[in-house]
Amino acid sequence: MTLPSSDERCAAGDEHCITCSDEGIEMTVVETTQCGAQCRDPEGVDHRVEIELVEPVEIGDLLLVHAGVAIARLEIR
């Protein structure tokens, strides 16, 4: 098995490193699938998100997402 280089592991576009960043992003669930959920960030961009840590989720739930993984369910105010 070949491990990705540090450049490949940290590639996430121009915004930040998905491996190293301490940034969590609030995202809204727009669709659930067998493999996770499709979530929308505050800028309107959709992302595939792993939801095993916060299951079950429903459309409209607000999640805190870090590196493509939902780490907490947030209360909608």
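Data block above holds the structure.
First things first, this report covers the structure right here in the doc. (Residues numbered from 1 in each chain as written. Predicted model: local features only at pLDDT ≥ 70, side-chain atom pairs only at ≥ 80, totals over all residues. Heavy atoms only, no water.)

1. Observations concerning the side chain of aspartate 41
Note that aspartate 41 resides in the loop between strand S2 (36–40) and strand S3 (46–49). There is no salt bridge for the buried aspartate 41, and the closest opposite charge comes from arginine 40, which lies 7.1 Å off by N-O distance. A polar contact is formed between the side chain of aspartate 41 and the backbone nitrogen of glutamate 43, at a distance of 2.9 Å. Here histidine 47 takes part through its side chain, which lies 2.8 Å from a polar atom of the side chain of aspartate 41. Other than its neighbours up to four places away in sequence, aspartate 41 contacts Ile25, Glu26, Met27 and His47. (Helix = DSSP H or I, 4+ residues; strand = E, 2+ residues; numbered from the N terminus. Buried < 20%, exposed > 50% of the residue type's maximum accessible area, 1.4 Å probe, protein only. Lys, Arg positive; Asp, Glu negative; His and termini not counted. Salt bridge = Lys/Arg side-chain N within 4 Å of Asp/Glu carboxyl O. Polar contact = N/O pair within 3.5 Å; in protein donor to acceptor, adjacent residues only side chain to side chain. Contact = heavy atoms within 4.5 Å.)

2. Concerning the sheet that holds S3
A sheet is described by the order of its strands in space; here 5 strands give the open sequence S3-S2-S1-S4-S5, paired in antiparallel fashion. The two strands at the open ends of the sheet, each matched to only one other strand, are S3 and strand S5 (69–74). The average undirected angle you get between the axes of adjacent strands in this sheet is 45°. Here strand S4 (residues 62–66) runs beside S5; their pairing, made up of 5 bridges, is antiparallel. Paired with leucine 63 across the bridge in S5 is arginine 73. (Pairing = 2+ DSSP bridges. Axes fitted to C-alpha atoms, helices over the stretch in contact; angles between N-to-C directions.)

3. A few points about unusual backbone geometry
Cis peptide bonds are those with omega within 30 degrees of zero, and the linkage from glutamate 55 to proline 56 qualifies with -5°. The topology assignment puts proline 56 in the loop between S3 and S4. One non-glycine residue, alanine 67, adopts positive backbone phi at about 55°. Within the fold, alanine 67 resides in the loop between S4 and S5. You can call alanine 67 partly exposed: its relative accessible area is 41%.

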